[in-house]
Amino acid sequence: MVVPVMNEEGNIPRLMEELRESLKGFEYEIIFVDDGSTDRTREVIKELMDDKTTLLVLNRNYGQTSALEAGIRFARGEIIVTIDGDLQNDPADIPKIVEKLKEGYDVVAGIRQKRQDEPVRKFLSRVANRIIQWATGVKISDYGCTLKGFRREVAQSLGLYGELHRFIPILAHLHGARITEIPVNHRPRVAGSSKYGFNRIFKVISDLMYLVFVQRFGQKPMHFFGTLGFLMFAAGAGIGFYLLILKLLGHSIGGRPLLTLGVVLVIGGLQLITTGFLAEMLVRIYYEAQQKRPYTIREIYRKGGGSVILPQRD
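Residues numbered from 1 in each chain as written. Predicted model: local features only at pLDDT ≥ 70, side-chain atom pairs only at ≥ 80, totals over all residues. Heavy atoms only, no water.

Participant: When you look at the packing of aromatic side chains in this model, what are you seeing that I'm missing?
Facilitator: Centre-to-centre distance and the angle between the planes together describe a pair of aromatic rings. The tally for this structure, following the rule as stated, stands at 1 aromatic pair. Plain terms: the ring middles of Phe224 and Phe225 are 5.1 Å apart, the flat faces sit at 80 degrees to each other, and that makes the pair edge-to-face. Residue Phe224 is classed as partly exposed on the basis of its relative accessible area of 30%. (Phe/Tyr/Trp six-rings, centres within 6.5 Å; stacked < 30°, edge-to-face > 60°. Buried < 20%, exposed > 50% of the residue type's maximum accessible area, 1.4 Å probe, protein only.)

Set out below in structure tokens:
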């Protein structure tokens, strides 16, 4: 269990009790990641922790993404389940997620049923989910639910940073993970306060633009920069050819805004094409220098020898 917390002292005692109750029968560890709390969250965890509980304390508030990444990297279990520390996710749903993973899935995402949030927040969440589904093609109903289960090799290959925790299913999809979702309970907050504000909208849009680019052009950036650059260059060249004809026919073209537009398009197109070449070289350097490959082999089949399931590595 990976539980990111920030200023949740009022929720910790009940959360610990419910986690331990839901995890009976499992071999487990609970990793709390304190993300720069300014109340008594750390002290309360220390008072209630047992030999199956670990507390990671970050030296300042880095955000939920970094807190999740720290906990996932520290985890030793074959299955990793993440859950919010505000008690709105119900720990009683954890066994259902584990059972679903055992069916062969790599990621199981929760869908919050009867969300206990403000109407404006629920509306914005629905709009964001629709936009993300349309832009990425990854059909997950509830991107904002922290209650998710992973196989460890998938979770530790996500490379979380910035604000990317909202897009974990997309990152898993980029690694070829088999993803499903199940309905989970959602409860009203009983202590503490929400950490989300309207500035979240702009962060989501920015991260979505980045992920769409990585999803479609991460391995072949020249397909994006080169195509756009060629179109701009061709448009600029066409304008230049048109103005050349006018000049040959005796018209004055020096003061025409169209001339400026043509020059800007030609120069901009050349710059985009050059950027594409540089991006292609950076991608090649990235994979070769780190001995990474842009693919993952899940199994090897041999005639008469069955299949070999390989450990997942970058």
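Participant: In this structure, what is going on with helix H4 (residues 94-101)? I would like to understand it.
Facilitator: Each turn of an α-helix holds 3.6 residues, which means side chains three or four residues apart point in the same direction. Looking at H4, one finds that the buried residues are Ile94, Ile97, Val98 and Leu101. For H4, the angular spread of buried residues about the axis comes to 100 degrees, placing them on one side. Looking at the buried residues of H4, the elements they touch are helix H1 (12-22), strand S4 (79-82), strand S5 (107-113), strand S6 (148-151) and strand S7 (179-185). (Helix = DSSP H or I, 4+ residues; strand = E, 2+ residues; numbered from the N terminus. Arc of directions from axis to C-beta. Contact = heavy atoms within 4.5 Å.)

Participant: Which parts of the structure should I look at to understand a nonpolar patch on the surface?
Facilitator: On the surface, a nonpolar cluster with roughly 540 Å² of combined accessible area is contributed by Phe241, Leu244, Ile245, Leu248 and Leu249. Following the sequence through the fold, Leu248 ends up in helix H9 (residues 222-248). The class of Leu248 is exposed, set by a relative accessible area of 66%. (Patch = residues over 30% accessible without salt bridge, like charges linked within 9 Å, V, L, I, M, F, W, Y side chains within 5 Å. Areas by Shrake-Rupley, 256 points an atom, 1.4 Å probe, with all protein chains shown as cover. Salt bridge = Lys/Arg side-chain N within 4 Å of Asp/Glu carboxyl O.)

Participant: Looking at this structure, how should I read the pairing of strand S2 (residues 30-34)?
Facilitator: Every regular strand shows the same layout, with side chains that alternate between the two sheet faces. Burial runs high along S2: 5 of the 5 residues are buried. Pairing geometry for strand S1 (residues 2-5) and S2, over 4 bridges, is parallel. The partner of Val5 across the bridge, within S2, is Asp34. Note that the unit made of S1, H1 and S2 has a crossover that is right-handed. In terms of strand pairing, S2 meets strand S3 (residues 53-57) through 5 bridges, oriented parallel. Each bridged residue has a counterpart across the sheet, and for Ile31 the counterpart in S3 is Thr54. Handedness of the S2-helix H2 (residues 41-48)-S3 crossover: right-handed. (Pairing = 2+ DSSP bridges. Right-handed = clockwise from strand over helix to strand, strands pointing away.)

Participant: Is there a simple way to think about the pattern of salt bridges in this case?
Facilitator: Any two side chains of opposite charge can pair if their charged atoms end up close together. Evaluation of the coordinates by the stated rule reveals 14 salt bridges. Across the pair Glu69 and Arg73 runs a salt bridge, and its minimum N-O distance is 2.8 Å. Placement of the pair is Glu69 and Arg73 together in helix H3 (residues 64-74), with a separation of 4 residues, close to one helical turn. Residue Glu69 is classed as buried on the basis of its relative accessible area, which comes to 13%. By sharing partners, the salt bridges in this structure join Asp106, Arg151 and Arg178 into a single network.

Participant: Is there a simple way to explain the side chain of Thr41 in this structure?
Facilitator: Its place among the elements puts Thr41 in helix H2. Engagement of the side chain of Thr41 in a polar contact is seen with the side chain of Asp39, the distance being 2.6 Å. Not counting the four nearest positions on each side in its chain, Thr41 is found in contact with Val5, Asn7, Glu8, Glu9, Ile12 and Asp34. (Polar contact = N/O pair within 3.5 Å; in protein donor to acceptor, adjacent residues only side chain to side chain.)

Participant: Would you mind going over H1 with me for this structure?
Facilitator: By the burial criterion, the buried members of H1 are Ile12, Leu15, Met16, Glu18, Leu19 and Ser22. The elements touched by buried residues of H1 are S1, S2, H2, S3 and H4.

Participant: Sorry, what's going on with the packing of H1 against H2 here?
Facilitator: Working note: a packed helix pair is described by the angle between its axes plus the distance between those axes. Contact geometry for H1 and H2: axes closest at 10 Å, N-to-C directions at 40 degrees. In terms of orientation, H1 and H2 fall into the oblique class. Seen from above, H1 lies across H2 with right-handed handedness. Across the interface between the two elements, Ile12, Pro13, Met16 and Arg20 of H1 pack against Thr41, Val44, Ile45 and Leu48 of H2. The residue inventory of the contact of H1 with H2, partitioned by class, reads 6 nonpolar, 1 polar and 1 charged. (Axes fitted to C-alpha atoms, helices over the stretch in contact; angles between N-to-C directions. Parallel < 35°, antiparallel > 145°, perpendicular 65-115°, else oblique. Left-handed = near helix turned anticlockwise from the far one by under 90°. Nonpolar A, V, L, I, M, F, W, Y, C, P; charged D, E, K, R; others polar.)

So, to be careful, I would describe these as geometric facts and stop short of saying anything about function.
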